[in-house]
Structure formats: C-alpha cells, structure tokens
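Per-entry structural report
Below are the chains, spelled out letter by letter.
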Amino acid sequence: MNQNIEEKKEPKLNDEAGGNAPQQPPVGEKTALVTIIGRPSAGKSTFLNTAAGEPVSIVSAMPQTTRNAIRGIVNTSLGQLVFVDTPGYHDSEKKMNLRMRNIVADQIDSSDLVLYIIDSTRNCAEEERMIAEILESHQDKLVIALNKVDEKNPLLVHARKFIKAHLPLVPENRILEMSAKNDVGINEVLKALYDMAKVAPHLYTDDAYTDQEVDFRIAEVIREQAINRLDQEVPHAVYVQIADLEMRSPTKMWCRAFLCVEKESQKGIVIGKGAQMIKTIRVESIKALRKIFDYKIDLDLQVKVDKNWRQRDATLNKLLK
C-alpha cells in the first residue's frame, strides 16, 4: 500500500526480515470495527488485502467467492482499523445466498463504521439499490469508495448521482475514488475512516493482520487455488474440509484436507486428467501457504462428494459464520 500518508505496519506470520526490519511507529489510539459491503466483484477482498498488506481474503475473477465475514486488521500511527470483508450482496433466494445476506446485515448493525465499495464500471442497478436501502439508516457512519476508477470509461457521474439520490446524507468528503487493484486512493479511504474513528482500546494486538484460525486460513487458500482453476458451476459447488492438522516438528505441519463437491461428475473435473488438476491445486496451495506461515505445511489433498451440501443446514452452519 502507498505510504504517503502514514507508515503502515505490515506484519507477517512468515517474517523473513528477522531482526533487521525497520522500527515501526507506535500504533495510534483510535479504533474502529469497519464492515465492508458491496455487490459481488466490486473489489471488497482486493481492498482488504491491499490495505492489510497480506492475503487475508480470497480474490478471484469468479464472483461471490467470499462466504464468511473475514477480518483484516490495519495498524498505523493513527490507530487500528479492523475490517470485516462480507460476502457480495446480491438478489437471490437460494438458501446459501440468503444465509450470506444475513451475515452482511448482522455485521453492519454491529460495526462502528461501514465502507461501501461501488464498482464504477457497472450501472447502479437493482442490487445497488438494495444495498443503499440497507445503508439508509447508517449514513452517519458510512464512507463510500468508487472502485476501479482506472478502468476504461468508469461511470463516475452515474455513481455519484445514484449516491446523491439514495444516500444524500453522506458528505462529499466521504465519497472517494480508488483503484484497489493498483493501490490508488487506498490511503485516502483509510484516512476518511480514521477521521470518523474514536479513541478506544485496540481489539487486537498491534502486530496482527487477521484473526483467522490456522485451519480456516488453510481451507481458504486451498479454495482460492481451486476456484481460480475450475470452470462453470464447479467453483461455487466446492468447499474445503480440514480433516486433520498435526504439528510434526517446530518447522513442519501435516494437514489432510478434502475438496468437497456436490456431484460425482464434478469430482472428475476437480481431479483432472491424470490427476493433474488436483496435483496443481495442491502444489500451488503449498506455495501460497509458505508465504503466510513460518513453517512448512505438508498437504494431503483429496476430493470427495458431499451431495447437495448447499441445501443442508448442518453443513451451511459450519461453513457460514
């Protein structure tokens, strides 16, 4: 992230700098819990990863890949912002999508601030109006970021007219333009949030960048590697089950995980010809995990069928939190 406002701390679980890392300024006294809301593929996860300086949330060209409320933490000399990346809000009556919409609503109600990210390359249509309706009573704690402004012909005038019509109480200084992908305008968005944050005890230690448990982080990395390689309906039919985790030495963890699909026909697609697809997902997952953890993870990855799991409450209760 661009550092021309504040020197941001970027801690890693895998710290290759060791004792030679430059001394960071102390984290400021302000604290805020910030919910991120927006349509699928608006750039919420990209913003969170860029702001936190770490791969906290899945980023994919495939829409609707975030399923949980995922926290990323930004510590600077202004204070601590704890971001919650929520599932993309969209109009659907499917059981799983209704659950994800409930997650979004609950997070907004409990947060100190809300960051509403609008994809400036798309018209503000029905789903955008649904989001604006939810945020109407929260305009006092709302910052709006018009994302993807560096794309060809962004619809900035259209987006601003939409905001003025549906969220008229949000002042101009809280409507900002950015490119989360290219780290443009991120600092200005953070500064607007810090300006609204209050002095309060920090929610996490000053070197944290996420509160995710180890098994959840491993599962999300595997799922990201899978969905970015699978076509058509298969990515949304996949979830990852962590069956076993065992620390076998101070520098090595063993993990058995299953990529679960809904149908037998999908199992063959995930395995691939000559088992090449599942091998690639495993190898790339190990590479990605090595950048996060300061120990090696030996991954035993298999594929199994869990028929119609998206329609079962027991499975959804485990996956959607």
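Just so it is clear, the model here is predicted, and its values are computed rather than measured. (Residues numbered from 1 in each chain as written. Predicted model: local features only at pLDDT ≥ 70, side-chain atom pairs only at ≥ 80, totals over all residues. Heavy atoms only, no water.)

**Some points on the sheet that holds strand S10 (residues 296-305)**
- Strand order in the open sheet made by the 3 strands is S8-S9-S10, with mixed pairing throughout. Among the strands making up the open sheet, the edge pair consists of strand S8 (239-249) and S10. Ignoring which end each strand starts from, the neighbouring axes of this sheet average 15° apart.
- Both strand S9 (residues 252-261) and S10 contribute to a ladder of 10 bridges, which runs parallel. Along S10, the bridge assignment pairs Val261 with Val305.
- Packing against the sheet, helix H7 (residues 264-271) makes contact with S9 and S10, and its axis sits at approximately 150° to S10.
- Contacts from helix H8 (residues 276-290) reach S9 and S10 within the one sheet, and its direction differs from that of S10 by about 145°. (Pairing = 2+ DSSP bridges. Helix = DSSP H or I, 4+ residues; strand = E, 2+ residues; numbered from the N terminus. Axes fitted to C-alpha atoms, helices over the stretch in contact; angles between N-to-C directions. Contact = heavy atoms within 4.5 Å.)

**A closer look at the environment of Pro250**
- Inspection of the secondary structure puts Pro250 in the loop between S8 and S9.
- A sequence separation of 45 residues divides Pro250 from Tyr295, and the C-alpha atoms of the two residues are 7.4 Å apart.

**Examining the packing of helix H1 (residues 44-52) against helix H5 (residues 186-196)**
- It is the contact of H1 with H5, at a shortest axis distance of 11 Å, that shows an interaxial angle of 85°. Overall, the two elements H1 and H5 adopt an arrangement that is roughly perpendicular. Contacts between H1 and H5 involve Phe47, Thr50 and Ala51 from the former and Ile186, Val189 and Leu190 from the latter.
- Across the contact of H1 with H5, the residue classes tally to 5 nonpolar, 1 polar and no charged. (Parallel < 35°, antiparallel > 145°, perpendicular 65-115°, else oblique. Nonpolar A, V, L, I, M, F, W, Y, C, P; charged D, E, K, R; others polar.)

**A look at the side chain of His138**
- Within the secondary structure layout, His138 lies in the loop between helix H3 (126-135) and strand S5 (142-147).
- Each residue touching His138, except ones within four places of it in the same chain, is listed here: Ile108 and Asp109.

**Thoughts on H1**
- Burial runs high along H1: 8 of the 9 residues are buried.
- Within H1 the residues assigned to the buried category are Lys44, Ser45, Phe47, Leu48, Asn49, Thr50, Ala51 and Ala52.
- A positive phi of about 75° marks Gly53, the residue just after H1. (Buried < 20%, exposed > 50% of the residue type's maximum accessible area, 1.4 Å probe, protein only.)

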